[in-house]
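Spelled out from the first residue to the last, the chains are:
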Amino acid sequence: MAEGFVRHKQPWTTDEVQKLHRLAAKGMALKAIGKALTRSEESVQARAKQDGLKIAKLR
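Conventions used here
Residues numbered from 1 in each chain as written. Predicted model: local features only at pLDDT ≥ 70, side-chain atom pairs only at ≥ 80, totals over all residues. Heavy atoms only, no water. Axes fitted to C-alpha atoms, helices over the stretch in contact; angles between N-to-C directions. Helix = DSSP H or I, 4+ residues; strand = E, 2+ residues; numbered from the N terminus. Parallel < 35°, antiparallel > 145°, perpendicular 65-115°, else oblique. Contact = heavy atoms within 4.5 Å. Left-handed = near helix turned anticlockwise from the far one by under 90°. Core = buried A, V, L, I, M, F, W, Y, C linked by side-chain atoms within 4.5 Å. Buried < 20%, exposed > 50% of the residue type's maximum accessible area, 1.4 Å probe, protein only.

Visitor: Mind laying out the packing of helix H2 (residues 30-37) against helix H3 (residues 41-51), listing which residues take part and the relevant values?
Guide: Their axes nearest at 8 Å, the elements H2 and H3 cross at an angle of 100°. By the angle between their axes, H2 is roughly perpendicular relative to H3. Mapping the contact onto sequence places Leu-30, Lys-31, Ile-33, Gly-34 and Leu-37 in H2 and Glu-41, Val-44 and Gln-45 in H3.

Here is the structure:
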């Protein structure tokens, strides 16, 4: 099984949202952003969509 995420269903902090916006603006890939934020790719993608951000899908 893939590595589990301890932070399952945890709310996003203001710092995490700001970091997501910065990393997305730099053109980082979804997988890399997830790793940097210790969040799943699905979680990052959902939050980015909620905030209207475009994230590179490169792996």
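Visitor: So what's going on with the packing of helix H1 (residues 14-25) against H2? Residues and values would help.
Guide: Two elements in contact, H1 and H2, have axes separated by 11 Å at closest approach and are oriented at 150°. In terms of their interaxial angle, H1 and H2 are classed as roughly antiparallel. As H1 packs across H2, the resulting crossing turns out to be right-handed. Contacts between H1 and H2 involve Glu-16, Lys-19, Leu-20, Leu-23 and Ala-24 on the former and, on the latter, Ile-33, Ala-36 and Leu-37.

Visitor: Lay out the nonpolar core with the relevant residues and their values.
Guide: Judged by nonpolar contacts, Trp-12, Val-17, Leu-20, Leu-23, Ala-24, Leu-30, Ile-33, Leu-37, Val-44, Ala-48 and Ile-55 together constitute the single largest core of 11 residues. Apart from the residues within four sequence positions on either side, Leu-23 is in contact with Met-28, Ile-33 and Ala-36.

Function cannot be inferred from these measures alone, as they are strictly geometric.
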